[in-house]
Amino acid sequence: MIKNKYTILLVEDDELLAIVNKESLESCDYTVLTAKTANESISLIRTNNSIDLILMDIDLGGDIDGIDLARSILTEKDFPIIFLSSLIEQEILQKAELVSSFGYIPKKSEIQVLCTSIKMALNLFEAKNKMKQSELHYRLLFEQSHDAMIITDSNGKFTDANDAASQLFRYSRDELLTLSISDIIHPEDLANKELQLEKIKSNVRLTSIRRVLRKDKSIALTEITVVYRPDQFFQATIRDITEQNLKDQVIEAKNKNIEKAHNDLLQRQFAKDGSYYWVATTIAPLKNKDGKVEEYFAIRTDITIRKNAEEELVSHQIELEAQYQELYDTQDELVKTKMRYFDLYDLAPVGYFTLDENGIILEVNSTLATLLEWDDTHSFREEPIERFICPQDQDNFDFFEQELVRTKKARSCEIRMKRKDNSEFWVRLDSLPFSLENGMQVTRTAVTNIHKRKEVEKELHHYMKALEQINNTKNKFFNIIAHDLRNPFGGIIGISDLLETKLKEMELENSNLLFKYTELIQTSSKSAYSLLENLLLWARAQTGELSVRLNNISLNHLILFMIPLVSSIAFKKNISIETELLDADTVYADEFFLNTILRNLLTNAIKFTYPNGKVIISTEKREGYLEVSVTDTGTGIDEKRLENLFRIDSKVSKNGTDNERGSGLGLILCKEFVEKQGGKIWVTSELGKGSRFTFSILICPPNSF
């Protein structure tokens, strides 16, 4: 049923994008409900029966992402779900497709694209429901059919059967589903008539007559029609024709009697001189007026010429078959001769050896002896070929020989052989089996040295894996950056458009709404600026533009200088910043790098600390290093995020306690800058209680210890 107006549930944790998308959807005449979290979404679905489609953001910033939330929703009720995200990683796309196949739309798509995608998803969902009804209708026809119907997979195993099939084979349905086609077809029919499944796959409807075995061992003659379904299963319709076949046999017996009577009228007659001739006799009864036969009328025809021609034709056919067999034998012998004897065998550029049917070497050429570093070819004779095959490839070579014997066709393989000094090298074997004049089965094999090619392939594979890893890291990194840049800038653009529209419509008394929008713009801009600053620093470090300059500097001075710079952020959440610093504070470090590390660790701690909490900066001397710790009373980090916290190819960031957004790039930058100065960085955390980030820095140059 087509509705006049559809209701859409928009699940988006970014308030800016939620406002923009809601306005856009309402302009397309949709009713829009919004939710920021998983709990809000579930609550709306359970209490509102008018929802027709869900527009789901994948990155919700919490412990559950949009894909897992969609999977949870679909366990309660079937909805068309369209994913809305800036993420374009193949792994994410595949994961989303497994949950819902109704659409995946990049954020900041044109309004026409968004509305058209929603319309298509709604139509697809309606078509899907109609298909379910069609499947129910098909199932009814399947169950009520008078003919036995069976569904099998590509291996012939039964996957479904109707009641008529149970009656025909006298098995219960559950028993039938444990069988396959080979269990019910008479063994002789199965051996003499292939099932021709490949032919059926080519849209051929195949009908055959076969005997089938029932559970009680009785036999029924059936007509089986098999078709290949779009879902890649086979459907067989089986009709019992046992009684019809008995009737056909009676008719056939009568026809044979008639044919025999006709043949009896063809007789060979002897002439007076002892020769014979053939005659055909036609007899017709002569009846009286009462319909009784009084006498017979016979006509005899000389058919000697016709019979002689038939006998001559048979004789000629036998002669032709004998000539064909002689020609075939001659050609086969010629092929064997060419294979046994060929020019320049011993001087061929590749090695050759010949094996008997037991794998014993009969002959080799000089090229193979040189490859294996033997002085002569006589040392190989009557030796088993296994002596020259590397043990790790012996199973592969045994299988190769078995396939040669089975197929009797030319085959190739690549294995390692052993030289006289037991060193190994790669070769390609090209083998052809044939028979000698005495009937002995032998195999001739060409041996090509491919060791250099294998070494190049191995080195190339190593380079390809390294390149692939570098490329994957780069792609994942830019996906993270693309996602985290698009959201803030997308929000700025969208809210700016909305501000322009609202300002034209609103009166001055609505200044609170304007202030809220302005505050959202400011928050998004600062988030984007911070990310961009870290990104530029990281890029400069990767290209070598930033070089480390180590000097003796006062760590306490840098810390006390940095605290006022981040205090405005802490003030908004009423977070206190405390210090526990040693008096001895001289370190051997790069001032710019150290400032960047302290700024990122402090802003990170403030972001994840609850309002009215505190952040502590402390120092401790340990084995030539000064360890600096930034401890917060915030949310803490779970074990899964801890494992990937400093990796560029993993996105582990989440929203702060005041819904602040981040990319995780700052911590990656901290790790790189700490290591460039000869130190290390690590973290300990307890979920719900807070985290402690610690890095070590040299007190003096290494050669001064």
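For the structure itself, look to the data block above.
Residues numbered from 1 in each chain as written. Predicted model: local features only at pLDDT ≥ 70, side-chain atom pairs only at ≥ 80, totals over all residues. Heavy atoms only, no water.

> Can you help me understand the overall build of the protein in this one?
When its secondary structure is counted, the protein shows 20 helices and 25 strands. Scored against the burial criterion, the 705 residues of the protein give a buried share of 40%. A separation of at least 24 residues holds for 57% of the contacts in the protein among residues at least 6 apart in sequence. Here the protein displays about 42,400 Å² of accessible surface, and carbon together with sulfur accounts for 53% of that area. (Helix = DSSP H or I, 4+ residues; strand = E, 2+ residues; numbered from the N terminus. Buried < 20%, exposed > 50% of the residue type's maximum accessible area, 1.4 Å probe, protein only. Contact = heavy atoms within 4.5 Å. Areas by Shrake-Rupley, 256 points an atom, 1.4 Å probe, with all protein chains shown as cover.)

> Quick question: what am I supposed to make of helix α14 (residues 394-407) here?
Every α-helix winds through 3.6 residues per turn, so residues three or four apart in the chain are directed the same way. Between its first and last C-alpha atoms α14 spans 20 Å; for 14 residues at 1.5 Å apiece the expected length is 20 Å, and the two agree. The set of residues buried in α14 consists of Q394, F397, F400, E403 and L404. Elements in contact with the buried residues of α14: β14 (351-356), β16 (411-418), β17 (424-435) and β18 (441-449). Positive backbone phi, at 55°, marks K408, one or two positions downstream of α14. (Expected span 1.5 Å × (residues − 1).)

> Even after reading the chapter, I still don't get the sheet that holds strand β5 (residues 104-106), so can you show me in this structure?
Taken in spatial order, the 5 strands line up as β2-β1-β3-β4-β5 in an open sheet, and their pairing is parallel. Each edge of the open sheet is held by one strand with a lone partner, namely β2 (31-35) and β5. The sheet shows a mean angle of 25° between the axes of neighbouring strands, direction not considered. In terms of strand pairing, strand β1 (residues 7-11) meets β2 through 5 bridges, oriented parallel. Paired with T7 across the bridge in β2 is T31. (Pairing = 2+ DSSP bridges. Axes fitted to C-alpha atoms, helices over the stretch in contact; angles between N-to-C directions.)

> What is the right way to read the packing of aromatic side chains from this model?
Given two aromatic rings, their pairing is described by the distance between the two centres and the angle made by the two planes. Taken as a whole and judged by the stated rule, the model has 8 aromatic pairs. Between F593 and F673 the ring centres are 4.1 Å apart and the planes differ by 10°, which places this aromatic pair in the stacked class. Placement of F593 in helix α18 (residues 591-607) and of F673 in helix α20 (residues 665-676) is noted, with a sequence separation of 80 residues between them. Just as F593 is buried, F673 falls in that class too. Among the aromatic residues, those joined into a cluster by ring pairs are W374, F380 and F388. The ring of W426 has K454 lying over it, and the distance from NZ or CZ to the ring centre is 4.5 Å. (Phe/Tyr/Trp six-rings, centres within 6.5 Å; stacked < 30°, edge-to-face > 60°. Lys NZ or Arg CZ within 6 Å of the ring centre and 35° of its normal.)

> Which parts of the structure should I look at to understand the state of the cysteines?
Following the criterion strictly, the structure yields 1 disulfide and no others. Note on cysteine connectivity: C28 is disulfide-linked to C115, with sulfurs 2.0 Å apart. What sets the handedness of the C28 and C115 disulfide is the S-S torsion sign, and at about 90° it is right-handed. Of this pair, C28 sits in the loop between α1 (15-27) and β2 while C115 sits in helix α5 (residues 111-144); the two residues are 87 residues apart in sequence, bridging distant segments of the chain. (Disulfide = S-S within 2.5 Å.)

> Would you mind showing me how to read unusual backbone geometry here?
Positive phi, close to 75°, is recorded for K217, a residue that is not glycine. If you trace the backbone, K217 turns up in the loop between β8 (206-213) and β9 (219-228). For E623, which is not glycine, the phi torsion reads 50° and is therefore positive. Residue position: E623 is located in the loop between β22 (614-622) and β23 (625-632).

> Is there a simple way to think about the environment of I224 in this case?
Counting through the fold element by element, I224 comes out in strand β9. Overall, I224 belongs to the buried group, its relative accessible area being 6%. Expressed as a C-alpha distance, the spacing of I224 and T237, which sit 13 residues apart in the sequence, is 5.7 Å. Excluding residues within four positions of it along the chain, I224 makes contact with I185, L206, T207, S208, R210, V212, A236, T237 and I238.

> In this structure, what is going on with the packing of helix α3 (residues 66-74) against helix α4 (residues 90-99)? I would like to understand it.
When two helices pack together, their arrangement is given by the angle between the helix axes and the distance between those axes. Where α3 meets α4, the axes come as close as 9 Å, and the angle between the chain directions of the two elements is 10°. If you check the angle between α3 and α4, you find them roughly parallel. Residue-level inspection shows I67, D68, A70, R71 and L74 of α3 in contact with α4, the latter providing I92, K95, A96 and V99. Counted by class, the contact of α3 with α4 contains 6 nonpolar, no polar and 3 charged residues. (Parallel < 35°, antiparallel > 145°, perpendicular 65-115°, else oblique. Nonpolar A, V, L, I, M, F, W, Y, C, P; charged D, E, K, R; others polar.)

> What is the right way to read the pairing of β1 from this model?
Every regular strand shows the same layout, with side chains that alternate between the two sheet faces. Taken across its 5 residues, β1 has 5 buried, putting it largely inside the fold. Of the two faces of β1, the one carrying T7, L9 and V11 and the one carrying I8 and L10 are both buried. In this structure, β1 lies alongside strand β3 (residues 51-57), joined through 5 bridges in parallel fashion. From the neighbouring strand, L10 faces β3, where its bridge partner is L55. Running through α1, the crossover from β1 to the neighbouring parallel element β2 is right-handed. (Right-handed = clockwise from strand over helix to strand, strands pointing away.)

> Quick question: what am I supposed to make of the sheet that holds β17 here?
Pairing between sheet strands relies on hydrogen bonds along the backbone, with the strands arranged either parallel or antiparallel. Here we have 5 strands laid out as an open sheet, ordered β15-β14-β18-β17-β16, and antiparallel in their pairing. On the outer flanks of this sheet lie β15 (361-364) and β16, each paired with one strand and no other. Each adjacent strand pair in this sheet contributes to an overall mean axis angle of 30°, direction not counted. Pairing geometry for β14 and β18, over 6 bridges, is antiparallel. Residue pairing across strands places F353 opposite T445, the latter belonging to β18.

> Just to check I follow, could you spell out α20 for this structure?
Here α20 contains 12 residues, and its C-alpha end-to-end distance of 17 Å stays within 8% of the 16 Å for a straight helix at 1.5 Å per residue. Taken across its 12 residues, α20 has 9 buried, putting it largely inside the fold. Every buried residue of α20 is accounted for by L665, G666, L667, I668, L669, C670, E672, F673 and V674. Positive phi appears at G678, one or two residues downstream of α20, with a value of about 85°.

> Help me understand the nonpolar core, please; the structure alone is not making it clear to me.
As a rule of thumb, nonpolar side chains are buried together in soluble globular proteins. With 38 residues, the main nonpolar core has V587, L594, L601, F693 and F695 as its most contacted residues. Broken down by secondary-structure element, the contributors of at least two residues to this core are α17 (555-572), β21 (586-589), α18, β22, β23, α20, β24 (681-686) and β25 (690-698). Per-element tally for this core: the top contributor is α18, with 8 residues. Not counting residues up to four positions away in its chain, the partners in contact with F695 are L594, I597, L598, L601, L626, E627, V628, V674, K680 and I681. Core analysis: the next-biggest nonpolar cluster, separate from the first, contains 23 residues, I361, L372, F397 and F425 among them. (Core = buried A, V, L, I, M, F, W, Y, C linked by side-chain atoms within 4.5 Å.)

> Help me understand the side chain of T619 in this model?
One can find T619 in strand β22. For T619, the side chain forms a polar contact with the main-chain nitrogen of L582, separated by 2.9 Å. When near neighbours in sequence (up to four residues on either side) are disregarded, T619 contacts L555, I559, E580, L581, L582, L626, E627 and V628. (Polar contact = N/O pair within 3.5 Å; in protein donor to acceptor, adjacent residues only side chain to side chain.)

> Would you mind showing me how to read the environment of P187 here?
Looking at the element boundaries, P187 is found in helix α9 (residues 187-192). Relative accessible area serves as the criterion here: at 51%, P187 is assigned to the exposed category. Through-space distance from the C-alpha of P187 to that of V212 is 9.0 Å; in sequence the pair is 25 residues apart.

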